[in-house]
Amino acid sequence: MELGSNSNNSGLTNKQISQLSKDVRLLLESVYNKSWDSGVGEDRLEIRVGANGVQEKHSKLYYLYKPGSSITWNGHSLTLDGVDKLVQQFLDVKTKHVIRTLDVQPIVDDSHALALVTGTCRYAEETSRGYTQTLIIWKEKCNEKAKYWITHENFRWTKLDD
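The rules behind each value
Residues numbered from 1 in each chain as written. Predicted model: local features only at pLDDT ≥ 70, side-chain atom pairs only at ≥ 80, totals over all residues. Heavy atoms only, no water. Helix = DSSP H or I, 4+ residues; strand = E, 2+ residues; numbered from the N terminus. Rg over C-alpha atoms; globule rule 2.2 N^0.38 Å. Buried < 20%, exposed > 50% of the residue type's maximum accessible area, 1.4 Å probe, protein only. Contact = heavy atoms within 4.5 Å. Phe/Tyr/Trp six-rings, centres within 6.5 Å; stacked < 30°, edge-to-face > 60°. Salt bridge = Lys/Arg side-chain N within 4 Å of Asp/Glu carboxyl O. Pairing = 2+ DSSP bridges. Axes fitted to C-alpha atoms, helices over the stretch in contact; angles between N-to-C directions.

### Concerning the overall build of the protein
Looking only at helices and strands, the protein has two helices and eight strands in total. Taken against the 2.2 N^0.38 rule, which gives 15 Å for 162 residues, the C-alpha radius of gyration of the protein at 17 Å falls within 12% of a compact globule. The dimensions of the protein, computed from C-alpha atoms along their principal axes, are 50 × 50 × 25 Å. The proportion of buried residues among the 162 residues of the protein is 40%. A separation of at least 24 residues holds for 51% of the contacts in the protein among residues at least 6 apart in sequence.

What follows is the structure, given as structure tokens:
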């Protein structure tokens, strides 16, 4: 394969890769970032009925991860409960995430994607920080719809360029 060519090893067409990229951007902007940026306090939490039939209250982010996901947040390994604890630390802090760059590459086929993200986060009305984020996203096909899960995430704060 030539460097810079439009061919890929996934067997997907450019149109399929473009659609996968749009789907991942939508997941990150409309669901992931919105889970952080939509208000404060209880607005960041959601109640659902768990597998045991009991109502459970978790952060909205909690429901984006597949059980057993590998999550590293600024060098610290987290479990799903750790994601809830992280969100709890920021419940009363208003945030605004902006994606600056997003590169999405299929892994094998259109059911797995590697997403490389750079962006900024403004929080506490005055502080802005840059971040990088690497995710592996799995698309589970259910009937006619698809459910997207984060199976691996590495989030890292970075220094903003002056």
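Picking up where we left off.
### Topic: the packing of aromatic side chains
Summed over the entire model, instances satisfying the criterion amount to eight aromatic pairs. Taken together, a centroid distance of 5.8 Å and an interplanar angle of 85 degrees make the contact between Trp 36 and Phe 90 edge-to-face. Residue Trp 36 is located in helix α1 (residues 14–37), and its partner Phe 90 is located in the loop between α2 (80–89) and β5 (95–107); the two are separated by 54 residues in the primary sequence. The same class applies to Trp 36 and to Phe 90, which are both buried.

### What to know about the pattern of salt bridges
Under the defined criterion, the tally for this structure stands at two salt bridges. A salt bridge links Arg 25 to Glu 29; its shortest N-O distance comes to 2.9 Å. Pair noted here: Arg 25 and Glu 29 are both in helix α1, with a separation of four residues, about one helical turn. For Arg 25, a relative accessible area of 31% gives the class partly exposed. Given a relative accessible area of 38%, Glu 29 falls into the partly exposed group.

### Description of the sheet that holds strand β6 (residues 109–123)
The mixed open sheet is built from six strands, whose spatial order is β4-β3-β8-β7-β6-β5. Here the strands that pair on one side only, and so sit at the sheet edges, are β4 (76–78) and β5. If you compare each strand with its neighbour and ignore which way they point, the axes differ by 20 degrees on average. Strands in contact with α1 are β3 (65–73), β5, β6, β7 (127–142) and β8 (145–158); relative to β5, the strand with the most contacts, it is inclined by about 150 degrees. Where α2 meets the sheet, its contacts fall on β3 and β4, and the angle it forms with β3 comes to roughly 55 degrees.

### Quick look at the environment of Ile 17
Relative to the helices and strands, Ile 17 is located in helix α1. What makes Ile 17 buried here is its relative accessible area of 18%. Sequence separation between Ile 17 and Lys 34 is 17 residues, and the spatial gap between their C-alpha atoms is 24 Å.

### Here's the deal with the pairing of β6
With 12 bridges joining them, β5 and β6 adopt antiparallel strand pairing. Counted as the bridge partner of Gln 105 is Leu 114 from β6. Adjacent in sequence and paired antiparallel, β5 and β6 are bridged by one residue, among which Val 108 carries a positive phi angle near 70 degrees. When β6 meets β7, the two strands line up antiparallel, connected through 12 bridges. Considered in β7, the bridge of Gly 119 is made with Tyr 131.

### Details of the pairing of β3
Two faces, one strand: in a regular strand the side chains alternate between the faces of the sheet. One ladder, built from five bridges, connects β3 with β8; its direction is parallel. Residue Tyr 65 lies in a different strand from β8, and its bridge partner there is Ile 150. With three bridges joining them, β3 and β4 adopt antiparallel strand pairing. Each residue of the ladder has a partner; that of Thr 72, found in β4, is Ser 77. Taking the residues between adjacent antiparallel strands as the criterion, β3 and β4 are bridged by two residues, where Asn 74 takes a positive phi near 50 degrees.

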